[in-house]
Amino acid sequence: MDITTIPESARWLLLIFSLPSKKASQRVGIWRKLQKYGTLSLRNSGYVLPNMPMNQERLEWLATAIRGFKGEASVLQVQSIDDLPSDVLKERFRKEREPDYTALIREIQQLKPSEPGFSTRLARSKRRFAEIAEIDFFDSPLKAKAEEALYKAEHPAVRLERTRKGMASKVEYQNRVWITRPRPGIDRASSAWLIRRFIDSKATFLFGSDPKAHPEAVPFDMYQAAGFGHEGENCTFETLCARFGMTDKKVRLIGQAIHDADLDDEKFGRTEGITINQILKGWAKQGIPDEELLRRGMDLIEGLYHSIA
């Protein structure tokens, strides 16, 4: 969800309350609910959430419970907070979710399909991911990494199969629709550029989380067995280069930059992609639509291509 979809007149909900000092156990219960709902503490003066129907219902019921404990509570609809601009608040919400996603990713990476209880632990990780995603109101960058970790844990055989795929023919990929995940980052934007620049000049792009809903489309950089994605140690851009036999030296150098930015392993020591990725993330935080975000990313890669001697 994006804050631009919330009415300007009341972008935020603010819960302020007090409880009698003797209500210690009730205070702990209220605090746990506030944590579960993903609220942001505002300097001990209240708790903030984006103004959404689900959040308003939760805070109103919480206020009712507080009053039932002989406390005082109010739920306010707030347009802005003078020293905390909306972009700052959104980033603070994202930061709040980082420890949750980090712990979950670590837990998923420790799963072993061959060990007893794997299915049970995987199901528990999926439930935990759903819980975190529900209160990840402004799409933490780690959300996609957690999704990828879950997919890899659930489809180890698919990953091995991918690494064995051979060459692809450009003839079979002309005038196609290509599908990828929403909120394109550096790997997806550069892959779209590569597709249209060197593979399918009339390619059109759409966004979705389930390629099966668009069987005619070619998936790329999605957590699916079909299409083109990460293979072995390669990012999607590198996979496309390998599968379609790219020989352009400037494309190869761009691939190194995309690899370092997307996989964050400093394999090639190139920083151009990291800078472009930061710009894309900044635009994404501004609520720019997926189509425009992809177009801008492709333009940046085109500029990078021409800058290489």
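Residues numbered from 1 in each chain as written. Predicted model: local features only at pLDDT ≥ 70, side-chain atom pairs only at ≥ 80, totals over all residues. Heavy atoms only, no water.

**A word on the pairing of strand E6 (residues 204-207)**
Only one face of E6 is covered, namely the face carrying Phe205 and Phe207; the face carrying Thr204 and Leu206 is uncovered. The pairing of strand E5 (residues 177-180) with E6 spans 4 bridges and is parallel. What sits directly across from Ile179, in E6, is Leu206. The β-α-β motif built from E5, the intervening helix H7 (residues 186-199) and the parallel element E6 has right-handed crossover chirality. (Buried < 20%, exposed > 50% of the residue type's maximum accessible area, 1.4 Å probe, protein only. Helix = DSSP H or I, 4+ residues; strand = E, 2+ residues; numbered from the N terminus. Pairing = 2+ DSSP bridges. Right-handed = clockwise from strand over helix to strand, strands pointing away.)

**Topic: the pattern of salt bridges**
Scanning the entire structure with this criterion turns up 20 salt bridges. The shortest N-O distance in the salt bridge between Asp100 and Arg128 comes to 3.6 Å. Taken together, the positions of Asp100 in helix H3 (residues 86-109) and Arg128 in helix H4 (residues 118-134) put the pair 28 residues apart, joining distant regions of the chain. A salt bridge links Glu115 to Arg121; its shortest N-O distance comes to 3.5 Å. Take Glu115: its relative accessible area is 38%, and that puts it in the partly exposed class. We classify Arg121 as partly exposed; its relative accessible area is 24%. Each of Arg97, Asp100, Arg128 and Glu131 takes part in one network of salt bridges that share partners. (Salt bridge = Lys/Arg side-chain N within 4 Å of Asp/Glu carboxyl O.)

**Section: the sheet that holds E5**
Reading across from one edge, E6-E5-E7 is the order of the 3 strands in this open sheet, with parallel pairing throughout. The strands lining the two open edges of the sheet, one partner per strand, are E6 and strand E7 (218-219). Where E5 and E7 come together, 2 bridges link them in parallel fashion. Residue pairing across strands places Trp178 opposite Val218, the latter belonging to E7. The sheet contacts of H7 involve E5 and E6, and relative to E6 the element is tilted by about 155 degrees. (Contact = heavy atoms within 4.5 Å. Axes fitted to C-alpha atoms, helices over the stretch in contact; angles between N-to-C directions.)

**Some details on the side chain of Ser125**
By the element assignment, Ser125 lies in helix H4. By relative accessible area, which is 0% here, Ser125 ends up buried. Ser125 has contacts with Leu104, Glu107, Ile108, Leu111 and Leu150, leaving out every residue within four places of it along the chain.

**Focus on unusual backbone geometry**
Note on backbone geometry: most residues besides glycine have negative phi, and most peptide bonds are trans. Positive phi, close to 55 degrees, is recorded for Asp221, a residue that is not glycine. Within the secondary structure layout, Asp221 lies in the loop between E7 and helix H8 (236-243). Despite not being glycine, Asp264 has its phi angle at roughly 55 degrees, a positive value. Here Asp264 is to be found in the loop between helix H9 (249-263) and helix H10 (272-285).

**Re the sheet that holds strand E3 (residues 47-50)**
The sheet built from 4 strands is open, its strands ordered E2-E3-E1-E4 with antiparallel pairing. Edge positions in the open sheet fall to strand E2 (40-41) and strand E4 (72-78), since each of these has one partner strand only. Where E2 lies against E3, 2 bridges are found, and the strand directions are antiparallel. Residue pairing across strands places Leu40 opposite Val48, the latter belonging to E3. Lying over the sheet, helix H2 (residues 53-68) contacts strand E1 (12-18), E3 and E4, oriented at roughly 160 degrees with respect to E4.

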